[in-house]
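Secondary and tertiary structure notes
Listed below are the residues making up each chain.
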Amino acid sequence: METNREMTGSSTSPSAACAAAISAVLDDDDLLREILLRLAFPTTLVCAALVCKRWLRHVSEPAFLRRFRERHPPALLGFYLREMGSWRPQFVPVSQSPELSAAIRRASVTDGQFFISDCRNGRLLVTDFDPTSCRQAVLSPLQPTCAKAILPPPPKHSLIWFFLSEREEEGSNDGAGAIAVLMLPIGTETKLQVDLLTPRSGVWVVRRSEVILLPENLPPIAYTLPPVRGKIYSLTKSGQVLRLDMAASTSSLLRLPDRVRTDNFMISSGEDGSRLFLIHADGYQLSVWHLPTTSSDANDWLLVYDKIRVREACNRLEDVLVMAVDDSLEFVFLWLRSSAVLMHMHLPSRNEKVYNELNVRDGYFLDINPFMMVWPPVFPVLREEADLA
């Protein structure tokens, strides 16, 4: 009688051989890192980190995260849309990936009435209207266990802007990374006192203050970008860009690129603050420039994208209006003037999406805030050695 070994030709079953092959791969740290590098989203990295302590160690290494970030930029989950007259923003999903469905579901929960003044790294800084008062608060929709952080009452001055810092540790714990820029004209308004504020123990505390001499005949400021690398950029109502250098206590007006001859543009400090971006629309074409924030030449603009044609606008024979851009400068939101339609373009791929179903009444009174995934991912905290064997 033939033995089982003789009948199969091997003492190892197929399932055992498969398990041995998998183990040989997963026990090799170099191969494991290459496999983990091919996961699509930061959320899947967090799931991988829950497998065991060894996997957590690999996915949380700074070198691995840098490679993952280059291969998989943080995804745009969607955007918050608010029309004039409404205090309840609507969340419009962009991604259709099943892996992001839980994050999108959390971002879609917008209880209460509020106006978004800044949106950064999975957090919202809002003017929150509760039944008794109007106040600033920080929301973290992707972290349902994270309580709303109420900011202290603001100083009673007209030129004050509230922002979220890129990293929460830049601000205090009680403000969830919030900062404020306060501008106080001095004397004949040729000087400006600029205060950087952070919340501490229920009050705003001056972290830094500088008096800066202003250019003559400076028009009123329309809006200000978050401070980046010691500099503050503001757009004036005449379409000029004012740069305030806190370290040098100086100011300058940036000359825009020669082709920017209309006010149909936006400025953005980008994701890491190393460059100032300018996104300009001319008819149905888009152009993008950047200016290094470390540059001593305030007019050293470099062209990034040149005359990108917006196909939807070209087909409809109409102009576009620049509405918003995400921090990574991948998605730009546009308003088709004649058709009264909102759309976005993914700049690297030139892919376009039109939101006919939104039935927006007037793009000139829209507030749009792109909402990105959190980066870097928030990994589980290591406990005892036996907890993650």
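Thresholds applied
- Residues numbered from 1 in each chain as written.
- Predicted model: local features only at pLDDT ≥ 70, side-chain atom pairs only at ≥ 80, totals over all residues.
- Heavy atoms only, no water.
- Pairing = 2+ DSSP bridges.
- Helix = DSSP H or I, 4+ residues; strand = E, 2+ residues; numbered from the N terminus.
- Axes fitted to C-alpha atoms, helices over the stretch in contact; angles between N-to-C directions.
- Buried < 20%, exposed > 50% of the residue type's maximum accessible area, 1.4 Å probe, protein only.
- UniProt positions renumbered as here; feature names shortened; annotations may be inferred.
- Arc of directions from axis to C-beta.
- Polar contact = N/O pair within 3.5 Å; in protein donor to acceptor, adjacent residues only side chain to side chain.
- Patch = residues over 30% accessible without salt bridge, like charges linked within 9 Å, V, L, I, M, F, W, Y side chains within 5 Å.
- Areas by Shrake-Rupley, 256 points an atom, 1.4 Å probe, with all protein chains shown as cover.
- Salt bridge = Lys/Arg side-chain N within 4 Å of Asp/Glu carboxyl O.

Take the sheet that holds strand 11 (residues 221-224) next. In spatial order, the strands read 11-12-13-14; together these four strands make up an open sheet with antiparallel pairing. Strands at the two margins of the open sheet, each flanked by one partner only, are strand 11 and strand 14 (250-254). Going from strand to strand, the sheet's axes swing by 30° on average, the running direction of each strand aside. Sheet topology places strand 12 (residues 231-236) next to strand 13 (residues 241-245); five bridges connect them, and they run antiparallel. Looking across to strand 13, one finds that I232 is bridged to L244.

Right, let's get into the pairing of strand 17 (residues 285-292). In summary, the side chains of a regular strand alternate between the two faces of the sheet. For strand 17, the buried fraction is high: six of the eight residues fall into the buried class. With eight bridges connecting them, strand 16 (residues 275-282) and strand 17 associate as antiparallel partners. Its bridge partner being in strand 17, F277 is matched across the sheet by H290. The antiparallel hairpin formed by strand 16 and strand 17 contains two residues in its connecting segment, where G283 sits at a positive phi of about 70°. Bridging between strand 17 and strand 18 (residues 302-309) involves five bridges; their strand directions are antiparallel. Bridge assignment links L286 to a residue of strand 18, and that residue is I308.

The next subject is the UniProt feature "domain: F-box" (unreviewed entry) in the protein. Under the feature "domain: F-box" (unreviewed entry), the UniProt entry names residues 29-65. Helix and strand shares over residues 29-65 are 76% and 0% respectively, and the end C-alpha atoms of the span are 15 Å apart.

Going from W375 to P376, the amide bond is cis rather than trans, its omega being 0°. Structurally, the position occupied by P376 is in the segment after strand 23 (366-372). The backbone of S201 shows a phi angle near 50°, a positive value even though the residue is not glycine. With phi around 50°, R229 is a residue other than glycine that occupies positive phi space.

The complete set of buried residues in helix 3 (residues 29-37) reads L32, L36 and L37. Angular distribution of buried residues about the axis of helix 3 spans 135°; they occupy a single face of the element. Looking at where helix 3 begins, the residue whose side-chain oxygen comes 3.0 Å from the main-chain nitrogen of D30 is D28.

Moving on, we get to a nonpolar patch on the surface. Among the surface-exposed residues, M84, Y364 and F365 lie close enough to one another that they form a single nonpolar patch of about 360 Å² accessible area. Along the chain, M84 turns up in the loop between strand 1 (76-83) and strand 2 (90-93).

Turning our attention to the pattern of salt bridges. In total, this model carries nine salt bridges according to the counting rule given. Between R67 and E34 there is a salt bridge, with its nearest N and O atoms 3.0 Å apart. Of the two residues, R67 is situated in helix 6 (residues 62-71) and E34 in helix 3; the sequence distance between them amounts to 33 residues. Its salt-bridge partner being D306, residue R259 comes within 2.8 Å of it at the nearest N-O pair. Within this pair, whereas R259 is found in the loop between strand 14 and strand 15 (265-268), its partner D306 is found in strand 18, the two being separated by 47 residues in sequence. The exposure class of R259 is partly exposed, given its relative accessible area of 36%. D306 gets classed as partly exposed once you look at its relative accessible area, which sits at 44%. In this structure, a network of salt bridges that share partners links the residues E34, R38 and R67.

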